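The chain contents come next:
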Amino acid sequence: MVVKTLMQQIKQYKKDSFLTMFFVVVEVILEILIPLLMARIIDLGIEARDINAVYKYGFIMFIIAIGTLSTGFLAGKYAAKASSGFAANLRDGMYTNIQSFSFSNIDKYSTAGLVTRLTTDVTNVQIAYQMIIRMCIRAPMNLVCALTMAFMINHELSLIFVGAMGFLIVVLGFIMVTATRYFNQVFPKYDDLNESVQENVVAIRVVKSYVREGYESEKFEGMNENLRENSEKAFRTSVWNMPLFQYVMYLTIVSILFFGGQMILAGTMKVGELTGFLSYVMQILNALMMISNVFLMLTRSIASCERIIEVLDEVPDIHDPQNTSEIVENGTIDFHHVYFKYKSTAKEYVLTDIDLHIPAGSTIGILGGTGSAKTSLVQLIPRLYDVSEGEVLVDGRNVKNYSVEHLRDSVGMVLQKNTLFSGTIKENLLWGNKNASDEDIEWACH
């Protein structure tokens with residue numbers, strides 16, 4: 001289900017993804033041929049003292065090397081395009097869905113958490129996707145082909161790296177399980193850190209007015225240190241991957257050189273065969289290293305994928321009625337036995353059994369202390385929240401029977417805290433009427 005939801009966001013970049021995989025396959029096939037040609041040059045050319053064979057197989061190797069370079073370049077080009085486009089679609093999909101959220105949907109996430117999902121989490125998934133369409137095709141294919149060629153050259157020597165592969169698979173599994181547990185703890189720490197920064201930037205005047213800079217700095221330092229410790233544990237575990245692989249790789253090469261040298265002295269193996277065999281061994285071990293890097297990247301991106309899917313799959317709590325033609329004419333408002341709580345699981349209601357009639361054209365004041373649900377009451381009229389029980393009527397019709405756009409266009413709101421969005425003053429004023437002329441804007445300013 002998670003994979004299906006993510007794959008739906010590839011959209012117009014499917015072609016680039018398939019082209020990447022195609023060029024990777026061609027690149028691997030060409031690379032597999034190079035050690036074979038190298039063995040031919042040594043055995044049929046150099047040892048046989050046949051310069052024509054050296055020229056012949058050398059020219060073929062040169063052409064194949066050019067082909068490998070070209071296909072590698074094209075695979076990288078299309079992989080970058082596909083992964084960047086995939087990331088852009090993920091951000092666009094999440095942002096578009098967030099715009100359709102009601103206040104109750106927004107309450108499930110922190111602002112900092114949504115920002116982290118749109119940035120850090122998407123970047124992790126972008127890198128993982130690029131590795132999947134390149135390395136997840138290249139590494140297994142390279143592994144199988146090189147392993148087959150190595151067995152064809154000498155099946156006895158092949159048993160050495162078969163044992164090495166078994167050891168590396170066990171080590172990789174242990175590293176993955178441990179690192180995944182730590183990475184799952186890291187991303188919520190990013191949310192906490194971003195939330196702390198956001199609070200201080202937004203409320204910087206409050207912080208300075210009450211001389212709380214020292215307290216906020218200490219709080220941020222604590223969160224930052226907590227994130228550092230968790231990140232250190234995760235990366236400290238994952239970095240064992242590279243030195244272990246290199247140790248096993250060099251140990252395998254030394255073993256093959258020792259036993260291969262014995263076979264050459266005994267006359268059961270040629271120098272060119274050992275050279276080609278070593279090239280295939282390097283390809284096999286490099287393929288295993290690529291696979292391990294992919295899996296380690298996937299352990300980081302799995303947590304990010306789950307957080308992205310949460311936003312993409314979030315269903316808005318407030319929906320438009322189908323085929324509605326209701327319009328607000330007068331503006332009479334009625335509350336009939338209205339109960340409201342922010343979460344369905346909350347034990348107590350914020351508003352309890354509200355019965356209220358507001359005639360059209362009247363002016364009323366709603367009085368109450370801070371936190372007495374004055375704002376919550378007003379937000380039920382344009383359906384920023386939906387009632388838990390009872391109903392809110394406008395012109396005698398339930399607000400749920402109006403389209404959300406028409407209902408909210410009919411309700412004028414002056415918020416307690418004014419917010420200017422990025423852009424010019426004119427662009428901000430056009431929020432009130434996107435079709436306003438310059439004369440209308442000047443009149444509004446006066």
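Data block above holds the structure.
Not measured: the values here are computed from a predicted model.

> What is the right way to read the sheet that holds strand β4 (residues 397-398) from this model?
As a general point, the strands of a sheet are linked pairwise by backbone hydrogen bonds and lie either parallel or antiparallel. Spatially, four strands are ordered β2-β1-β3-β4 in an open sheet, and the strand pairing comes out antiparallel. Whereas interior strands pair on both sides, the edge strands pair on one side only; in this sheet they are β2 (351-358) and β4. The sheet contact formed by strand β3 (residues 389-394) and β4 spans two bridges and is antiparallel. Bridge assignment links Val394 to a residue of β4, and that residue is Arg397.

> Hey, could you run me through the packing of aromatic side chains in this one?
The relation between two aromatic rings is expressed through the spacing of the ring centres and the mutual angle of the planes. Counted by the stated rule, this structure contains eleven aromatic pairs. Taken together, a centroid distance of 6.3 Å and an interplanar angle of 15° make the contact between Phe101 and Tyr109 stacked. Summarising the burial analysis for this pair, Phe101 and Tyr109 share the class buried. Grouping aromatic residues by their ring pairs yields a cluster made of Phe103, Phe340, Tyr342 and Tyr385. Above the face of the Tyr78 ring, Lys77 is positioned so that its terminal group lies 5.4 Å from the ring centre. The lysine or arginine in question, Lys341, covers the ring of Tyr349, its NZ or CZ lying 4.8 Å from the ring centre.

> What should I look at first to understand the pattern of salt bridges in this one?
Between side chains of opposite charge, a pair can form as their charged atoms come close. Tallying each qualifying case throughout the model produces eleven salt bridges. Residue Lys81 is joined to Asp16 by a salt bridge in which the shortest nitrogen-to-oxygen separation is 3.8 Å. Residue Lys81 is found in helix α3 (residues 51-99), and its partner Asp16 is found in helix α2 (residues 14-46); the two are separated by 65 residues along the sequence. Two residues, Arg228 and Glu232, come together in a salt bridge whose shortest N-O distance is 2.5 Å.

> Help me understand the side chain of Asp121, please; the structure alone is not making it clear to me.
Mapped onto the secondary structure, Asp121 falls in helix α5 (residues 111-153). By relative accessible area, which is 0% here, Asp121 ends up buried. Here Asp121 is in contact with Thr116, Phe187, Ser304, Arg307 and Ile308, once residues within four sequence places are set aside.

> I'm lost on a nonpolar patch on the surface in this one. Help?
Side chains of Phe59, Ile60, Phe62, Ile63 and Ile66 sit close together on the surface and give an oily, nonpolar patch of about 480 Å² of accessible area. Looking at where Phe62 falls in the secondary structure, it is placed in helix α3.

> Would you take a moment to explain the pairing of strand β1 (residues 333-340) for this structure?
The side chains of a regular strand alternate between the sheet's two faces. The sheet contact formed by β1 and β2 spans five bridges and is antiparallel. Each bridged residue has a counterpart across the sheet, and for Val338 the counterpart in β2 is Ile354. Strand direction decides the pairing type here: β1 and β3, joined by five bridges, are antiparallel. Each residue of the ladder has a partner; that of Tyr339, found in β3, is Glu389.

> Explain the side chain of Glu314 here, please?
Mapped onto the fold, Glu314 is located in the loop between α10 (271-312) and β1. For Glu314, a relative accessible area of 11% corresponds to the buried category. Not counting chain neighbours up to four residues away, the residues in contact with Glu314 comprise Asn97, Phe101, Asn105, Lys108 and Tyr109.

> Honestly, unusual backbone geometry in this entry has me stumped. Any pointers?
Both trends apply: most residues other than glycine have a negative phi, and most peptide bonds are in trans. You will see that Lys11, though not glycine, has its phi angle at about 50°, which is positive. As for its placement among the helices and strands, Lys11 is situated in the loop between α1 (2-7) and α2. For Lys11, a relative accessible area of 43% gives the class partly exposed. One non-glycine residue with positive phi stands out, namely Ala373, at about 80°. Locating Ala373 in the fold gives a position in the loop between β2 and α11 (374-379).

> Sorry if this is basic, but what is going on with the environment of Thr237 here?
As for its placement among the helices and strands, Thr237 is situated in helix α8 (residues 213-238). Separated by 117 residues in the primary sequence, Thr237 and Ile354 have C-alpha atoms spaced 58 Å apart. The residues contacting Thr237, other than those within four sequence positions of it, are Ile175, Thr178, Ala179 and Tyr182.

> It is not clear to me how the environment of Ile253 should be interpreted in this structure. Could you clarify?
Mapped onto the fold, Ile253 is located in helix α9 (residues 241-266). Along the backbone, Ile253 and Met94 are 159 residues apart, and their C-alpha atoms lie at a distance of 49 Å. Not counting residues up to four positions away in its chain, the partners in contact with Ile253 are Leu278 and Met282.

> What am I meant to see in the nonpolar core here?
Generally speaking, soluble globular proteins have nonpolar side chains that are buried together. Leu143, Leu157, Phe161, Ile256, Phe277, Ile284 and Leu288 are the most contacted members of the largest nonpolar core, which totals 35 residues. If you list the elements that add at least two residues to this core, you get α2, α3, α5, α6 (155-202), α9 and α10. Ranked by the residues each element gives to this core, the list is headed by α10, at twelve residues. Each residue touching Phe277, except ones within four places of it in the same chain, is listed here: Ala150, Ile153, Asn154, Leu157, Ser158, Phe161, Ile256 and Met269. Counting residues in each nonpolar core, the second largest holds 23 residues, with Ala79, Phe101, Leu118 and Val122 among its members.

Calculation notes
- Residues numbered from 1 in each chain as written.
- Predicted model: local features only at pLDDT ≥ 70, side-chain atom pairs only at ≥ 80, totals over all residues.
- Heavy atoms only, no water.
- Pairing = 2+ DSSP bridges.
- Helix = DSSP H or I, 4+ residues; strand = E, 2+ residues; numbered from the N terminus.
- Phe/Tyr/Trp six-rings, centres within 6.5 Å; stacked < 30°, edge-to-face > 60°.
- Buried < 20%, exposed > 50% of the residue type's maximum accessible area, 1.4 Å probe, protein only.
- Lys NZ or Arg CZ within 6 Å of the ring centre and 35° of its normal.
- Salt bridge = Lys/Arg side-chain N within 4 Å of Asp/Glu carboxyl O.
- Contact = heavy atoms within 4.5 Å.
- Patch = residues over 30% accessible without salt bridge, like charges linked within 9 Å, V, L, I, M, F, W, Y side chains within 5 Å.
- Areas by Shrake-Rupley, 256 points an atom, 1.4 Å probe, with all protein chains shown as cover.
- Core = buried A, V, L, I, M, F, W, Y, C linked by side-chain atoms within 4.5 Å.

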